[in-house]
Amino acid sequence: MRDPILKVRDLKVEFGTNDGPVYAVKGIDLDVMPGETVAIVGESGSGKSQTMMAIMGLLAGNGRADGSAQYRGKEIIGLSDRALNRIRGEKITMIFQEPMTSLDPLYKIGRQLSEPIIHHGKLKRSEVRPRIIELLKLVGLPDPERRIDAYPHELSGGQRQRVMIAMALANDPDILIADEPTTALDVTIQAQILELLADLQKRLGMAIVFITHDLGIVRRFADRVYVMQKGEVVETNDAEVLFTAPAHPYTQMLLAAEPTGTKAPPPPTAPVLLEGRDVAVTFRVGGGFLKGPAIDLKAVDRISLQLRQGQTIGIVGESGSGKSTLGRALLRLAPSKGAVRFQGKDISHADREAMRPLRHEMQLVFQDPFGSLSPRMTVGQIVTEGLLVHEPHLTRRERDARAIEALAEVGLDPLMRNRYPHEFSGGQRQRIAIARAMILKPKIVVLDEPTSALDRSVQKQIVDLLRDLQKAHDLAYLFISHDLAVVRAMADHIIVMKEGRIVEEGATAEIFDHPREAYTQALMAAAVDQTRFRRSA
Amino acid sequence: MTETISAHSELDYRQSRSLGQDAWLRLRRNKAAVVSMIVLIALALTGIFGPMLSPHPYDRIYPQYVRAPASFEAYPRADDITPAFESAIERGRVTIGEITIEGQTARALISNDEPIDDRITRYVDRSDLFSNARIENLSADGLSAEMVADVQRLRFLFGTDANGRDVLTRTMIGIRISLAIGLLASLMALVLGVTYGAVAGYLGGRVDNVMMRFVDILYSLPFIFFVILLVVFFGRSFVLIFIAIGCTEWLDMARIVRGQTLTIKRQEYVEAAQAMGVTSWGILRRHVIPNTLGPVIVFVTLLVPKAILLESLLSFLGLGVQPPLTSLGLLISDGAANMRGASWLLIYPAVTLTIILFALNFLGDGLRDALDPKDR
Amino acid sequence: MVGYVLRRLLSAIPTVFIIVTLAFFMIRIAPGGPFDLERPLDPLIMENINRAYNLDKPLWQQYLLYLGNLAQGDLGPSFTRRDFSVMDLFRTGLPVSIQLGAMALSLALIVGTALGALAALRQNTWIDYMVVGTATLGITIPPFVIAPVLSLFFGVMLGWLPAGGWGGGQFRYLVLPVATLALPQIAIIARLTRGATIEALRSNHVRTARAYGLPTRVVVVTHALRAAMLPVVSYLGPTAAALLTGSVVVETIFGIPGIGRYFVQGALGRDYTLVMGTVIVIAVFVVIFNLIVDILYAWLDPRVRYD
């Protein structure tokens, strides 16, 4: 057997905080062979990123690494920056999760790409430009001769991630560390980036260390997998073995965490609760005193839909497709044109005052369980805020009783209602947000990516909870998501949106099994396909 | 529901802490901030109670002690008392023995060929320095005795000013006035700025444009302009000065709060409240204002020293509080005028002001670190 | 770019106009007048004076007259300094204030950013504590304390430099006033730079630069410091305007013939035209320097466009 190119033994990472030391990585072993793809899988907080940050000497100021990591037999833990600089950026390179902020906004991308090449002594400043254009071509950035002089903010997220990959490849590295490189990107872009990485690896032969929480990617991408939980490696094996015969209960739980099941459509006699006809939302951009004409941006372009009692409509699309705006327009939270009817009553022109009595019947749950709860209110105050508006006659004691009831219904211990949101995990916060909506006994709930910010295992619990609540109260859901696996489990009817318009709509099974439009097909392929990238490339 | 249960049992081990309590714990670990807080409390107590406890009223003029240097020794000095006592007793035509001075009393052994008449105490009482003169320890033959008199001895730890007023007491009054103006002006700026900024930020759009344009215009007018006009209109008074300072300092506060509000307005918890039909006022009161408090508190701690500085500037320009009332700024500007030859007039008030400002700054820094969510 | 500058200047006109109007009526409503002496003048003489200065006309007429003169670049005669027009006063005083302010500004910018960056790079070492401590001291000691102390120490006790006066702008005379003006600004800029640099050093793009093995010097200078300059540049706008239009404290204590004193003196003496002139000069400086700062900012940060 060949020698590993990167050999990690008993690596520990600890952070000094005000509440004492926090052990992020608790002594792990890890090997990377030349040219192979290793995936490190784990949920948030498992220490998978910090492991690689420690190896690259990039821990935050309060972090400390112990143990050993050898690159081709040379110890790199505890190396000075100057010595480490001979390895990082040349032999080992890294791409990051945040394509929006990982590039310096103040410099053209050509200049940023040239820096590692020049400082590792590969080329002189005067000779570097053709090489950069070549790299940009390699990573498939369109029009590289022009884009070389673009600033990062002039590129999309996917394009920026391509630039990062070009930077990582610039010095022909032995190891490329990819830290959740596609998490912040849309599914179709995700697929393109992964395909690009697989293809480049085949052509250039470097090893890839892939850090991710997404098992779907691992299955299609990795040769070997390390599963991390709470700072420790709980299982490691070849990818194929791991997926067919997971040994550790945590791995089994992760693999079983994909939401399953389907939703039956409501009976055709179910009454229509919410109806939108030619709903359109335009945003005015620019304009103002002496600033030239404003541009109208069509976020939602004449969309019609009907939501029945007990129904779940899944609205699918990538970022910027207008799906969230549509949800808000239907709730009259965003100004829109066209007609909106709620239980047969036209509310297109209802103002805030007129809407107020209806609000408790149509509720909203958000994506970000951190941003959607006011950090300075207790959970009890958060959950009962709506009662102050809709049932002002309740006494404090009665409100408290309702809070207990609502929290118990979403599976939280009501004793926790005097705590503050920052003391809860993401999944718990999402339960709180759901309790806040449910306490008002709504008929319709718009769910705006309610599971996207959660780990897979938690996602499944929230999906189950939402389905239980729907059955118990005969709720109608408008389920907005880019995550097709979740939508498939939740919705009985699907609307696919792109650039503010409906591309395709129909029953869930129909859309998943026989997508008609090319865009839908691309979406489905990106999300559901299980073939390995390397072979398909 | 495994996640719920395990996380819950974890939560139970520690006390529930709100963000504010968290911040307080962090602040308590910051030594500089804690020391600053103690210093400020001590100074505030000095400002409030010091003048009451001081033997010298702040406006009492001692014509005989003009520009007395700061010292621990009491006035008049022992060297000055002995000859004065001597010459006073001499008028009674008695022989003077040893003279001792202990604290507030002067004693002299006296003797005479004839019995001592106690009316000679009159000569002593006539002197400015002595009072309550009496004869003690009269010997059996009445030929020798002790002349005892009270001396009014005054201590001026910080010296006296050009009018003969005690600088220590005046500095304590100065602390009181400066802190009061700083706090009241900041409070005013706080109320005005938070309300204005929150309303502008929350309503947004055209209203926001107009409201912030107005702030911009006020910004371009020099601060002193307002103050001078206000002073001209209403005369120089304590209330007016803090109003004037508050009126100018709220502009920054309004900008900060508006910026914060714009950020908070986009937060999903505000949208959730809108989706529940909460009124604008309810959202402002329950969500926007409480969540702007962090940066606002930090800004207020920096505003107080700024207000104190502005007050001193006004006093320096002769637009501040009216003598005999005083403030640290007024004392400093007096001190600066008398700097040559009477440096204590400048040094003590200036050091006091610097300590206050230093402590406020450290406290503000500590608060910012404690409230900074990035630390979490 | 040229179009942008023109547009910005054009849109500043209403602002300046509102400021002029506000200031005009505020100072006029204030009780008292420029010729109120301890002993009242003879009513007849008073009437003559008022007529000569148009003070007998209704306020709105005076306002229109003032605007008319202003449009022709005439700021009117000074009421308290007879024989001088406000323009004359500015012509002699403004260059003095600008020279002093510009020197203080440059000094503050160079020393302040250098100290701030140094402290940030040596965070939590004695250098950092020294800089932060000194900067806090610089912010907390008011200029009217610094000025007399400097003057006493270097001017009177050591005799190295003149304790006051202008001396026709000789360097020796400039040192102390410039130092007084610059010290608090050095302190503020150092603190700003330190905070911004620390923040920039924590940013993701600096992490990228480090991950690619760039030398520390390059990481710091090209990637952290440039980003850290952005808040400093924003701060400079109003500060530059304030420094260049003179400081009443420094000019009073050192006896410098700038225009900083005119404002307070004018307002107290009800020298209407002088006050108005000063307000206009300050407003124009604020407008110009905000514009310069915006242009600089857009040059430093490509995300900001002229719009």
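The structure presented is a predicted model; accordingly, all values stated were derived computationally and were not measured.

Each value, and the rule that gives it
- Residues numbered from 1 in each chain as written.
- Chains lettered and ligands numbered in written order.
- Predicted model: local features only at pLDDT ≥ 70, side-chain atom pairs only at ≥ 80, totals over all residues.
- Heavy atoms only, no water.
- Salt bridge = Lys/Arg side-chain N within 4 Å of Asp/Glu carboxyl O.
- Helix = DSSP H or I, 4+ residues; strand = E, 2+ residues; numbered from the N terminus.
- Buried < 20%, exposed > 50% of the residue type's maximum accessible area, 1.4 Å probe, protein only.
- UniProt positions renumbered as here; feature names shortened; annotations may be inferred.
- Contact = heavy atoms within 4.5 Å.
- Buried area = accessible area lost by both parts, 1.4 Å probe.
- Polar contact = N/O pair within 3.5 Å; in protein donor to acceptor, adjacent residues only side chain to side chain.
- Nonpolar A, V, L, I, M, F, W, Y, C, P; charged D, E, K, R; others polar.

S.K.: So what exactly am I meant to see when it comes to the pattern of salt bridges here?
M.R.: Two side chains carrying opposite charge are able to pair once their charged atoms lie near each other. Residues and elements named next belong to chain A. Scanning all chains against the criterion turns up 39 salt bridges over all chains. Across the pair glutamate 115 and arginine 111 runs a salt bridge, and its minimum N-O distance is 3.7 Å. Pair noted here: glutamate 115 and arginine 111 are both in helix H3 (residues 109-119), with a separation of four residues, about one helical turn. For glutamate 115, a relative accessible area of 4% translates into the label buried. A salt bridge links glutamate 391 to arginine 402; the shortest N-O distance between them is 3.0 Å. Note that glutamate 391 is positioned in the loop between helix H13 (379-390) and helix H14 (396-409) and arginine 402 in helix H14, a separation of eleven residues in sequence. The same class applies to glutamate 391 and to arginine 402, which are both buried. A single network of salt bridges, built from pairs that share partners, joins Glu14, Arg64 and Asp66.

S.K.: What should I look at first to understand the UniProt feature "transmembrane region" (unreviewed entry) in chain C in this one?
M.R.: Residues and elements named next belong to chain C. According to UniProt, the "transmembrane region" (unreviewed entry) feature falls on residues 12-30, 96-119, 131-161, 173-193, 240-260 and 272-300. Structurally, residues 173-193 is divided into 100% helix and 0% strand, and its ends, taken at the C-alpha atoms, are 30 Å apart. Taken end to end, residues 240-260 has its terminal C-alpha atoms 14 Å apart, with 62% of it in helix and 0% in strand.

S.K.: Would you mind showing me how to read the interface of chain C and chain B here?
M.R.: How big an interface is tends to be stated in terms of the accessible area lost upon association of its parts. Chain C puts 38 residues into the contact, and the matching count from chain B is 32 residues. When chain C packs against chain B, the two sides together hide about 3200 Å² of surface, and 82% of this comes from carbon and sulfur. Broken down residue by residue, the surface that chain C buries against chain B is led by Met26, Thr140 and Phe144 of chain C, which jointly contribute 18%. Taken together, the connections running from chain C to chain B amount to zero salt bridges. Viewed at the interface, chain B and chain C are joined by one residue pair in polar contact (both at pLDDT 80 or more). Elements with a contribution of two residues or more to the side of chain C that touches chain B: helix H1 (2-29), helix H5 (126-140), helix H6 (143-157), helix H7 (171-201), helix H10 (248-254), helix H11 (260-268) and helix H12 (272-300) of chain C. Considering only residue class, the side of chain C that touches chain B consists of 30 nonpolar, five polar and three charged.

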